[in-house]
Every structure is written in C-alpha cells, then in structure tokens.
Amino acid sequence: MSAPLPLALAAGSPGALAVAFAIGVGFGWCLERAGLGSARKLMGQFHLTDLAVFKVMFSAILTAMLGLFWLSRFGVVDLSRVYVPETFVGPQLAGGVIFGAGMALAGLCPGTSCVAAATGRVDGIAVVAGFFAGILTTALALPTIALFYGSGARGGVTLDSVLDTSQGVMILVVVTIAMAGFVAADRIERLMARSVAEAEP
Amino acid sequence: MSARTVPRPYADPYLAGVGLGLVLLASFVLAGRGLGASGAFATAAASAVNAAAPGAAAGNMFLAEHLTTGGPLRDWLVVEIVGVIAGGFVSAALARRIGGRVERGAHQSVQQRLASAAGGGALMGLGAILARGCTSGQALTGGALLSLGAWLFIGAAFASAYLVAFATRGSWR
C-alpha cells in the first residue's frame, strides 16, 4: 500500500498536537451548534420529544463511514493504519448499561459535558467533576475486577467479519437502517408534539 | 430581552451531524484515529495520581497505559479536549449562549440536579473504563469503523438510558 494518508506524525510532536487541537475545536463547535451541550436537549432524546441526539449521531457516523470507505477505495487513505477500537464483549455490554444509566442521570455525556461546562453551565461542571472522580476511583479499584475487565477479548473485530459479509454490504445495511431511523424519528417527534398539545388545556 | 441578548436557535441536527462526521473523517484521515473524551480524563487521572504519589500510576494496570512522557499536555486526547472546550466556547459566544446557570427539570431543585449530574458522571466513569471508551471514542468512532464492541456499547447504553430516563421522567417534566 502506498496511500499517502493518514499523516505519519510522531506522537506528541507539535504537528500531531496542532491536528489534535484543530480537530477538537471542530468537535466542540459541532456539538455546541447542535445544542448537545444542553442537558434538556439530551433528555429530549430519552423522553422522545426531541430526537436531535440520534439525528446528529447517526448522520455523523454515516458521513465518516462513507467518507472513509470511498477515500480508501480511491487509494487516498490506508485503512490498515486507522486504529479500530478493540472489542471486549462482556465488559462493553456491562459498561454500556452502566454508562447509559449514568448518561440519563447526568443529562450529558463526557464530551458534551465539556461543552456544557465551557459555556458556563454549572451542571456541566458537576458532570465533568463526577466523571473524573468515577474514572479515578474505577482505575484504582480495577485490579479487583481484572478478570472480568479482560474477558471476551476479540481484538479489532468488525461487524462485516462477524456477520461474514463484505464491508460494502455492511455499510449499505447500516445506511439503510439509519435512513429508516431518520424517517421514524421525524414521525415520533410529530406524534409527541401532537400528544403534548392535546394534553394542554 | 433585546435582540442582542436573545440566544440564536440551534443548528439543524442533520447539518450539524454531517459537520461532526466531517470532523471525525478528518481525524481518521489526518491522525489515523477517531475522536475521544474519556481517554483525556484517564490521562489526567494518571497524571494526578503520579503527582500525589510518584510511581503509583505505573503500578496500576489502567493508569500505567495512560501515563504520557512529557506531561499530559503532550497527549493527543488531552489537547483535543482543550480544543473541544475552546470550540464549544467560541460557538456559544457567537450565538449568545454563554451564561452561568444550572439547567434542570421543572420538578428538580438545584441541589438535586447537581447531585444527579455528579452521580451520573461518576457512573459514566465506571462504564467508560469497562467499555474502553464513551460516546465519542466508542459510539461515534467505533460506530463509523463498524467495530463490533462499539455497536454492542451503543445498543446497551441507549437501552439502559431509555429505562432510567423513563423511571426518572417526573423530575424533568
């Protein structure tokens, strides 16, 4: 493979850190513009009154997934040099359940809590502090659950290999499901708006 | 309120989502990695432990992986999160959405809201360590890369969040 990208920047080099800062600015900007630095907006997703979280998240996943797929097809990006997060089946299912419960209580996720805190929301600062405390105490206690933490290791495995299909077919399936989800989300929002309007005198 | 102080409406979610996707794509293309949030907190925790008790972080199976040579400000995710704070602040300032306040439900006191925020944050810390990432590093990044674990995390986290939000819906309505 002689694809030119990703850039071969040494970890911690000024170039790599400049890229990191610029990417972060874009990330924070998009989260704030979408309103995801607001706990009320995030809770709207889970009360089914405002599905912006789903729409933002899945249009972002589709954009990045399709962009990466075509850039690698045209030989611009070497996919083997893009890090795929490793799978640990049991810990990620359990972690997801605990994380989801925390997100519904906090009304923010770790990334959006940083945006909320940056815009002066005190509840955002409380989430940031709680998250840091949770990371610190879990890290210190992790040796006691080391066996479970390391269980179900599958490496950087992807859905297409698990389902024994091609990457292109898998992407088509995800795009189709997301599109159906967008149509359903708009319909649910209209239904909820109507039921709220009828409930009011 | 005068026109100068009224917050501007939020952007269309699909437009913001495509923008976020392009930022994520740029990260894959330029840096060979996706976005993240919890990793920056892990690096900060490792640095804090090391400052309190030199060498203690190196003896911990999780913190040892998050120690950086040259301090936390040389870490990719820490610098990225500093960028997130800067980008979020500038975006909110231009749209007149800056202001110190506690956002809370109609049936929730300020104390209840802050306790729920901190407690929820702590639970997310436990969940993010078990899951090897949060909404940014697992759901968005791993989701776009079709990672099996990321999609298991998305399913589990959303199902759990819907249940807990339903159980606590009284405080927000």
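So, how was this worked out
- Residues numbered from 1 in each chain as written.
- Chains lettered and ligands numbered in written order.
- Predicted model: local features only at pLDDT ≥ 70, side-chain atom pairs only at ≥ 80, totals over all residues.
- Helix = DSSP H or I, 4+ residues; strand = E, 2+ residues; numbered from the N terminus.
- Contact = placed C-beta atoms within 7 Å.
- Buried ≥ 20, exposed ≤ 12 C-beta atoms within 10 Å, placed from the backbone.
- Nonpolar A, V, L, I, M, F, W, Y, C, P; charged D, E, K, R; others polar.
- Domains from an automatic or database assignment.
- Axes fitted to C-alpha atoms, helices over the stretch in contact; angles between N-to-C directions.
- Parallel < 35°, antiparallel > 145°, perpendicular 65-115°, else oblique.
- Left-handed = near helix turned anticlockwise from the far one by under 90°.
- Expected span 1.5 Å × (residues − 1).
- Core = buried A, V, L, I, M, F, W, Y, C linked by C-beta atoms within 7 Å.

Observations concerning the overall build of chain A
Stage number 1. In terms of regular secondary structure, chain A is built from nine helices and two strands.
Stage number 2. Reading chain A from its N end, one meets helices and strands in the order α-α-α-β-α-α-α-α-β-α-α.
Stage number 3. Taken along the three principal axes of its C-alpha coordinates, chain A extends 65 × 45 × 35 Å.
Stage number 4. Here the contacts in chain A between residues at least 6 apart in sequence split such that 62% fall between residues at least 24 apart.

Side note on the overall build of chain B
Stage number 1. Looking only at helices and strands, chain B has seven helices and zero strands in total.
Stage number 2. Across the 173 residues that make up chain B, the buried fraction comes to 57%.

Description of unusual backbone geometry
Stage number 1. At the junction of Leu5(A) and Pro6(A), the peptide bond is cis and its omega measures out at 0° in the coordinates.
Stage number 2. A positive phi angle, near 55°, is found at Asp164(A), a position not held by glycine.
Stage number 3. Among the structural elements, Asp164(A) can be located in the loop between α8 (159–162) and α9 (167–199).
Stage number 4. By C-beta crowding, Asp164(A) is classed as exposed, having 6 other C-beta atoms within 10 Å.
Stage number 5. Of note in this structure, Arg132(B) is not a glycine but carries a positive phi near 60°.
Stage number 6. Looking at Arg132(B), the number of C-beta atoms within 10 Å reads 22, which means it is buried.

Topic: the interface of chain A and chain B
Stage number 1. Opposite the 109 residues of chain A that make contact, chain B presents 109 residues.
Stage number 2. When the residues that make up the side of chain A that touches chain B are grouped by side-chain class, the tally is 73 nonpolar, 26 polar and ten charged.

Quick notes on the domain arrangement of chain B
All names here are of chain B.
Stage number 1. According to the domain assignment, chain B contains domain 1 (10–99) and domain 2 (105–173).
Stage number 2. Each of domain 1 and domain 2 has a C-alpha centre, and the two are 18 Å apart.
Stage number 3. Taken together, the eight residues of domain 1 in the interface contact nine residues of domain 2.
Stage number 4. Classifying every residue of the side of domain 1 that touches domain 2 by side-chain character gives four nonpolar, four polar and no charged.

Description of the environment of Gly181(A)
Residue and element names in this part refer to chain A.
Stage number 1. Tracing the backbone through its elements, the reader meets Gly181 in helix α9.
Stage number 2. Exposure remark for Gly181: the 14 C-beta atoms within 10 Å place this residue in the partly exposed category.
Stage number 3. Each C-alpha atom, one on Gly181 and one on Ser161, is 24 Å from the other, the two residues being 20 residues apart in sequence.
Stage number 4. The residues touching Gly181, leaving out its near neighbours within four places in the chain, are Phe54 and Phe58.

What to know about the packing of helix α4 (residues 89–106) of chain A against helix α4 (residues 110–131) of chain B
Stage number 1. Interaxial distance between α4(A) and α4(B) falls to 7 Å at its minimum, and their mutual angle equals 165°. One way to sum up the angle between α4(A) and α4(B) is to call them roughly antiparallel. Both α4(A) and α4(B) take part in a crossing whose hand is left-handed. For the pair α4(A) and α4(B), the contacting residues are Pro91(A), Gln92(A), Ala94(A), Gly95(A), Gly96(A), Ile98(A), Phe99(A), Ala101(A), Gly102(A), Met103(A), Leu105(A) and Ala106(A) in the first and Ser116(B), Ala117(B), Gly119(B), Gly120(B), Gly121(B), Leu123(B), Met124(B), Leu126(B), Gly127(B), Ala128(B), Leu130(B) and Ala131(B) in the second.
Stage number 2. A per-class count over the contact of α4(A) with α4(B) returns 15 nonpolar, nine polar and no charged.

Re the environment of Gly119(B)
Stage number 1. Along the polypeptide, Gly119(B) turns up in helix α4.
Stage number 2. Ignoring anything within four residues of it in the chain, the contact list for Gly119(B) reads Leu105(A) and Gly130(A).

Some words on helix α3 (residues 52–73) of chain A
Stage number 1. For α3(A), which comprises 22 residues, the first-to-last C-alpha distance of 31 Å matches the rise-based estimate of 32 Å (1.5 Å per residue) to within 8%.
Stage number 2. Just downstream of α3(A) lies Gly75(A), where phi reads positive at about 75°.

Considering the nonpolar core
Stage number 1. Within the largest apolar cluster, 114 residues are counted, with the highest numbers of intra-cluster contacts made by Val56(A), Ile61(A), Ala64(A), Leu24(B), Ala45(B), Met124(B) and Ala161(B).
Stage number 2. A per-element tally of this core places helix α6 (residues 148–167) of chain B first, with twelve residues.
Stage number 3. Residue contributions to this core reach at least three from each of two domains, namely domain 1 (10–99) and domain 2 (105–173) of chain B.
Stage number 4. Leave out the neighbours within four places in its chain, and Ile61(A) touches Gly21(B), Leu140(B), Gly143(B) and Ala144(B).

A few points about α4(A)
All names here are of chain A.
Stage number 1. A rise of 1.5 Å per residue sets the reference length of α4, with its 18 residues, at 26 Å; its end C-alpha atoms lie 25 Å apart and thus fit the reference within 8%.
Stage number 2. Burial of α4 is extensive: 15 of the 18 residues sit out of reach of the surface.
Stage number 3. Once α4 ends, the next one or two residues include Gly107, with phi positive near 75°.

Side note on the packing of helix α5 (residues 110–118) of chain A against helix α6 (residues 122–141) of chain A
How two helices pack is summed up by the angle between their axes together with the distance between the axes.
Residue and element names in this part refer to chain A.
Stage number 1. The geometry of α5 relative to α6 is characterised by a closest axis approach of 7 Å and an angle of 135° between their N-to-C directions. Here α6 runs oblique to α5, going by the angle between their axes. The chirality of how α5 crosses α6 is left-handed. Of the residues in α6, those touching α5 at Pro110, Ser113, Cys114, Ala116 and Ala117 are Asp123, Gly124, Ile125, Val127, Val128 and Phe131.

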